[in-house]
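Examination of the molecular architecture
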Amino acid sequence: MSFDIHIVGGGLAGSEAAWQLAEAGIRVRLSEMRGGGDMTPAHQTDRLAEMVCSNSFRSDDAEHNAVGLIHQEMRALGSLVMRAADTHRVPAGSALAVDRDEFAAEVTRAVESHPNITIVRERVDSLPDHPTIVATGPLTGSALAESIANETGEGALAFFDAIAPIVHRDSIDMDIAWMAARWDKGGKDYVNCPMDKAQYEDFVAALVNGEKMGFKDWEQDTPYFEGCMPIEVMAERGPETLRYGPMKGVGLDNPRTGRWPYAVVQLRQDNALGTLWNMVGFQTKLKHGEQVRIFRTIPGLENAEFARLGGIHRNSFINSPRLLDRELRLKSKPNIRFAGQITGCEGYVESAAVGLIAARLAAAELRGEALPLPPPETALGALLAHITGGADTETFQPMNVNFGLMPPLPGRFKRADRKKAYTDRARAALAMWLESIPPHRQMGRGTISHSEMAEG
Ligand SMILES: Cc1cc2nc3c(=O)[nH]c(=O)nc-3n(C[C@H](O)[C@H](O)[C@H](O)COP(=O)(O)OP(=O)(O)OC[C@H]3O[C@@H](n4cnc5c(N)ncnc54)[C@H](O)[C@@H]3O)c2cc1C
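A brief structural summary. (Residues numbered from 1 in each chain as written. Predicted model: local features only at pLDDT ≥ 70, side-chain atom pairs only at ≥ 80, totals over all residues. Heavy atoms only, no water.)

Counting its secondary structure elements, the chain contains 13 helices and 17 strands. Taking 23 Å as the expected radius of gyration for a compact globule of 456 residues, we find that the chain reaches 22 Å, a close match to that expectation. Along the first, second and third principal axes, the C-alpha atoms of the chain reach 70 × 50 × 45 Å. Across the 456 residues of the chain, 57% fall into the buried class. In the chain, of all internal contacts separated by at least 6 residues, the share reaching a separation of at least 24 is 70%. Accessible surface, the chain as shown: approximately 18700 Å² in total, 50% of it carbon and sulfur. (Helix = DSSP H or I, 4+ residues; strand = E, 2+ residues; numbered from the N terminus. Rg over C-alpha atoms; globule rule 2.2 N^0.38 Å. Buried < 20%, exposed > 50% of the residue type's maximum accessible area, 1.4 Å probe, protein only. Contact = heavy atoms within 4.5 Å. Areas by Shrake-Rupley, 256 points an atom, 1.4 Å probe, with all protein chains shown as cover.)

If you want it as structure tokens, here you go:
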């Protein structure tokens, strides 16, 4: 068959991308290895867009939650994943949970029956030379992973994540914490949260006793690389291990006491906007609820709001902020775009969203047109900007969509009003962006009109 673009991987991102391109009149070859004799360790079926674990697309609250907002933006852009999710919704309060079998069957049916899409059940083992979107996800086939690693260079493709929690900067109590670098070397680049002896000992005990997540059978060989050992594993090695490791207090004069703290938790800026701060050395397998409970005992983080909690999983992802241009193209091989979780976004929704935007950008390029990028005030634009440049390349780890990825709000808002202010601004920005795109380039019609988006 002849085709205009090749998509590798028929998961959440690849299926959405195929649909968007096909709706734009572009002929797609979609290669999916399941059903062709290969399987990943997590998938169970041959269906496209299989949800491998939970059946939830998380919050559907478009007024107060960044995930709900990105749902709304995707609906406005004619997302197949959102259409199928809405059709096969099951009761789950304000969350969007789905019947996973019906959901995947619907996506498969829609993609299979589209006249512009040919699905080929095959494994792709090297990066093609024609226009391609690579959407092979967290469990990318090993030969293709090797080909990507060869193209991108040493260390640019990770096989495991090691995620430390990320805190919204404006939720840190700076009456307790302070900015400084050890021995005053360099700029005052770290937020320091001090602990006395009793606080430190209680904290170490809480880490040791806290409930942990298990590894899946096929993740048992997860290597703990030097420098990314889980914080609780370090705590188990002995009461002083952390105090001589990431929680070392030496060289950090606390301006409130004039002394070094017994121990310290340091946070480092994680995005160019300065809104998100990373707990240095705190990658962890503690359960999410336990992380919130235990980390909020850290002086200065009592009211911490977490943009992302920690975790360690098998997960293939590239260093996107270093390797990709703003349109998700590989700088060294621009016929290749990446989409989905392999770009370093995290989750079903985010993966489908990056598939959607990768397809829109590819469609514009194939037609010889330029598509303005979605503004960073929108959830889609914020996620895209983060993975293609806003994130710190040195500490890059997978990221969920959240308000901390957006430019800070101008002016002051009461805490209770802030989330609504972010989503109102995002709706207005998306509506303006859609207005700026001539109708023939808007492609798949959404289920929400532009004026509805602006009104919220
Ligand atoms: C065990 C596990 C549990 C998870 N739980 C959740 C959860 O509860 N909630 C959540 O939001 N997210 C979860 N995730 C993350 C989730 O998998 C991703 O967010 C989402 O599926 C990623 O979408 P994707 O399209 O990028 O990748 P996938 O959906 O994984 O799709 C990639 C596709 O590419 C195919 N493929 C791979 N290599 C090749 C190749 N060489 N040639 C051809 N085809 C290939 C695969 O078969 C697969 O169908 C989990 C991930 C894992 C691994």
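Once that is clear, we can look at the site of the ligand. The environment of the ligand is formed by 33 residues, the closest being Ala-13, Glu-32, Arg-34, Gln-341 and Tyr-348. Measuring from an oxygen atom of the ligand, one finds a backbone N or O atom of Ser-54 at 3.2 Å. A distance of 2.5 Å is found between an oxygen atom of the ligand and a side-chain nitrogen or oxygen belonging to Gln-341. Within the complex, 92% of the 970 Å² of free accessible area of the ligand lies under protein. (Near = heavy atom within 4 Å. Polar contact = N/O pair within 3.5 Å; in protein donor to acceptor, adjacent residues only side chain to side chain.)

Turning our eyes to something else, we now look at the environment of Asp-125. Residue placement: Asp-125 occurs in the loop between strand E6 (117–120) and strand E7 (132–134). The spatial distance from the C-alpha of Asp-125 to the C-alpha of Lys-287 is 36 Å, given a sequence separation of 162 residues. With residues up to four places along the chain from it excluded, the contact list for Asp-125 reads Ala-143, Leu-144 and Ser-147. Within polar-contact distance, the side chain of Asp-125 engages the side chain of Arg-123 at 2.8 Å.

Attention shifts here to the environment of Asp-173. Its location among the elements puts Asp-173 in the loop between strand E9 (166–168) and strand E10 (178–180). Residue Asp-173 is classed as partly exposed on the basis of its relative accessible area of 29%. Taking the C-alpha atoms as reference, Asp-173 lies 6.4 Å from Leu-301; in sequence the two are 128 residues apart.

Given a rise of 1.5 Å per residue, 12 residues ought to cover 16 Å, and the 17 Å separating the end C-alpha atoms of helix H1 (residues 12–23) matches this to within 8%. Burial runs high along H1: 11 of the 12 residues are buried. If you check which residues of H1 are buried, you get Leu-12, Ala-13, Gly-14, Ser-15, Glu-16, Ala-17, Ala-18, Trp-19, Gln-20, Leu-21 and Ala-22. Looking one or two residues beyond H1, the residue adopting positive phi is Gly-25, at roughly 85°. (Expected span 1.5 Å × (residues − 1).)

Put simply, H1 and helix H10 (residues 348–366) touch, their axes get as near as 7 Å, and they point 35° apart. By crossing handedness, the relation of H1 to H10 is classed as right-handed. Contact residues: Leu-12, Ala-13, Glu-16, Ala-17, Gln-20 and Leu-21 in H1; Tyr-348, Ser-351, Ala-352, Gly-355, Leu-356, Ala-359, Arg-360, Ala-362 and Ala-363 in H10. Tallied by class, residues from the contact of H1 with H10 come to 10 nonpolar, 3 polar and 2 charged. (Axes fitted to C-alpha atoms, helices over the stretch in contact; angles between N-to-C directions. Left-handed = near helix turned anticlockwise from the far one by under 90°. Nonpolar A, V, L, I, M, F, W, Y, C, P; charged D, E, K, R; others polar.)

Turning our eyes to something else, we now look at the nonpolar core. Of all hydrophobic cores here, the largest spans 96 residues; its most connected members are Leu-21, Phe-57 and Phe-103. Considering each element in turn, this core owes the most residues, 13 residues, to H10. Look past the residues within four positions of Phe-57 in its chain and what remains in contact with it is Leu-12, Met-51, Val-67, His-71, Val-81, Ala-85, Leu-96, Val-98, Phe-103, Tyr-348 and Val-349. Core analysis: the next-biggest nonpolar cluster, separate from the first, contains 32 residues, Ala-164, Val-167, Ala-177 and Phe-282 among them. (Core = buried A, V, L, I, M, F, W, Y, C linked by side-chain atoms within 4.5 Å.)

For the rest of this paragraph, the subject is the sheet that holds strand E4 (residues 89–90). Across the sheet, 3 strands lie side by side as E3-E5-E4; this open sheet has antiparallel pairing. Two strands close off the open sheet at either side, each with one partner strand: strand E3 (56–59) and E4. Pairing between E3 and strand E5 (residues 95–98): 2 bridges, direction antiparallel. Of the residues in E5, the one forming a bridge with Ser-59 is Ala-95. (Pairing = 2+ DSSP bridges.)

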